[in-house]
Amino acid sequence: MPAKSAAQQKAAGAALSAKRGDTPKSKLKGASKSMMESMNEKQLEAFARTKRQGKPEHVSKH
């Protein structure tokens, strides 16, 4: 499942980094923290690999 916005892709990348132990979990906040806790490494990788080109920075919650 690809990320729907650039912000979601960035959050997934931060969460993946923490899940792998490259970044301290204490540095995470907001969406990246909840993504790290609720998603497995394979799911995070799919979101983080999404190309940002052509994606909006944020998606409205309609």
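A brief structural summary. Quick caveat: nothing in here was measured; it's all calculated off a predicted structure.

Digging into the nonpolar core
Logical step 1: Within the largest apolar cluster, 13 residues are counted, with the highest numbers of intra-cluster contacts made by Ala-12, Ala-15, Met-35, Met-36, Met-39, Leu-44 and Phe-47.
Logical step 2: Where this core is concerned, the elements lending two or more residues are helix H1 (6–20), helix H2 (31–38) and helix H3 (41–48).
Logical step 3: For this core, the leading source of residues is H1, giving five residues.
Logical step 4: Once residues within four sequence positions are removed from consideration, Met-35 is found in contact with Gln-8, Ala-11, Ala-12, Ala-15, Leu-44 and Phe-47.

Brief notes about the packing of H1 against H3
Logical step 1: For the pair H1 and H3, interaxial distance at closest approach is 8 Å and the crossing angle is 145 degrees. Where H1 crosses over H3, the handedness of that crossing is left-handed. Mapping the contact onto sequence places Gln-8, Gln-9, Ala-12, Gly-13, Ala-15, Leu-16, Lys-19 and Arg-20 in H1 and Glu-41, Leu-44, Glu-45, Phe-47 and Ala-48 in H3.
Logical step 2: The class makeup of the residues in the contact of H1 with H3 is six nonpolar, three polar and four charged.

About the cut-offs
- Residues numbered from 1 in each chain as written.
- Predicted model: local features only at pLDDT ≥ 70, side-chain atom pairs only at ≥ 80, totals over all residues.
- Heavy atoms only, no water.
- Core = buried A, V, L, I, M, F, W, Y, C linked by side-chain atoms within 4.5 Å.
- Buried < 20%, exposed > 50% of the residue type's maximum accessible area, 1.4 Å probe, protein only.
- Helix = DSSP H or I, 4+ residues; strand = E, 2+ residues; numbered from the N terminus.
- Contact = heavy atoms within 4.5 Å.
- Axes fitted to C-alpha atoms, helices over the stretch in contact; angles between N-to-C directions.
- Left-handed = near helix turned anticlockwise from the far one by under 90°.
- Nonpolar A, V, L, I, M, F, W, Y, C, P; charged D, E, K, R; others polar.

Structural measurements only, silent on function.
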